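Chain by chain, the residues:
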Amino acid sequence: MWNKDNQPEVPGTSAAKDSSRIPGTPLNAAAPPARPLGPAPTARNVACLGPSIVVKGEITSEEDLQIDGKVEGNISLRGNRLTIGRGAQLNSEINAREIIVYGTASGNLRARDRVEIKKDGQVIGDITTARISVEDGAYFKGRIEIERSQASSQSSKESEEMLVGAGAN
């Protein structure tokens, strides 16, 4: 009968991993990666600014960002998500794909996709976005401008051009 001690070690099996693996080194350098090179569709890299961090200046990023500290200055995450944590205090003009507010944000918010203000969130400033969600208990003071998507505004421009063109004849 075969048991674990009598089996020959085959590279890439758990028996080989357990007995001769050196921590921090790859098991087989020539082996293909275990997962795709890019991030999974649902997994995203998120940078974090902790609660003890204070930033006075401009923040730009090409990745999602969560802020739990204090920020005074513009924040630009054009194609990414900004999460304003519960203890965060922002005095900023914000431009991002998505903005989710759990803490306090003073200044104008511009989100290409959506803005969510959670129940303990507070926003003082104007919001420009395609979609918005404000939970019960949230505080908001300012104006909201809902932008139509590019597809619907493009079709309305085309219909206006057709009407103007038809009237010119």
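Residues numbered from 1 in each chain as written. Predicted model: local features only at pLDDT ≥ 70, side-chain atom pairs only at ≥ 80, totals over all residues. Heavy atoms only, no water.

A. Here's a closer look at the overall build of the protein chain. When its secondary structure is counted, the protein chain shows two helices and 14 strands. Every one of the 169 residues in the protein chain was classed for burial, and the buried ones make up 26%. Across the protein chain, every contact between residues at least 6 apart in sequence was considered, and the portion connecting residues at least 24 apart equals 4%. Looking at the protein chain as shown, the accessible area adds up to about 11,800 Å², and 50% of this sits on carbon and sulfur atoms. (Helix = DSSP H or I, 4+ residues; strand = E, 2+ residues; numbered from the N terminus. Buried < 20%, exposed > 50% of the residue type's maximum accessible area, 1.4 Å probe, protein only. Contact = heavy atoms within 4.5 Å. Areas by Shrake-Rupley, 256 points an atom, 1.4 Å probe, with all protein chains shown as cover.)

B. Structural view of the pattern of salt bridges. Tallying each qualifying case throughout the model produces ten salt bridges. A salt bridge links Arg114 to Glu98; the nearest nitrogen and oxygen atoms lie 2.6 Å apart. Of the two residues, Arg114 is situated in strand 10 (residues 109-117) and Glu98 in strand 8 (residues 94-101); the sequence distance between them amounts to 16 residues. On the basis of relative accessible area, Glu98 is assigned to the buried category, the value being 5%. Salt-bridge contacts for Glu116 lead to Arg114; the nearest nitrogen and oxygen are separated by 1.8 Å. Judged by relative accessible area, Glu116 falls into the buried class, the value being 12%. Each of Arg81, Arg97, Glu98, Arg114, Glu116, Lys118 and Glu135 takes part in one network of salt bridges that share partners. (Salt bridge = Lys/Arg side-chain N within 4 Å of Asp/Glu carboxyl O.)

C. Spatial organisation of the side chain of Ser61. Positionally, Ser61 belongs in the loop between strand 3 (59-60) and strand 4 (64-67). Classification of Ser61 as buried rests on a relative accessible area of 15%. Within the local environment of Ser61, its side chain forms a polar contact with the backbone nitrogen of Glu63, the two atoms lying 3.1 Å apart. Once residues lying within four places of it in the same chain are set aside, the contact partners of Ser61 are Ser76, Leu77 and Asn80. (Polar contact = N/O pair within 3.5 Å; in protein donor to acceptor, adjacent residues only side chain to side chain.)

D. The arrangement of the nonpolar core in detail. One finds Ile67, Ile75, Leu82, Ile84, Leu90, Ile99 and Leu109 to be the most contacted residues of the largest nonpolar core, which totals 23 residues. Going through the elements one at a time, strand 4, strand 6 (75-84), strand 8 and strand 10 are the ones with two or more residues in this core. If we ignore the near neighbours within four places in the chain, the residues touching Leu82 are Leu65, Ile67, Ile75, Leu77, Leu90, Ile94, Ala96, Glu98, Ile99 and Ile100. (Core = buried A, V, L, I, M, F, W, Y, C linked by side-chain atoms within 4.5 Å.)

E. Region of the structure containing the environment of Arg86. With respect to the helices and strands, the residue Arg86 is situated in the loop between strand 6 and strand 7 (89-91). With 18 residues separating them along the chain, Arg86 and Asp68 place their C-alpha atoms 6.8 Å apart. In contact with Arg86, other than residues within four places in its own chain, are Asp68, Tyr102, Gly103 and Asp120.

F. Focus on the pairing of strand 6. Across the ten residues of strand 6, seven count as buried, placing the element largely inside the fold. In this structure, strand 3 lies alongside strand 6, joined through two bridges in parallel fashion. Bridge assignment links Thr60 to a residue of strand 6, and that residue is Ser76. Strand direction decides the pairing type here: strand 4 and strand 6, joined by three bridges, are parallel. Note on strand 6: the bridge partner recorded for Leu65 is Leu82. (Pairing = 2+ DSSP bridges.)

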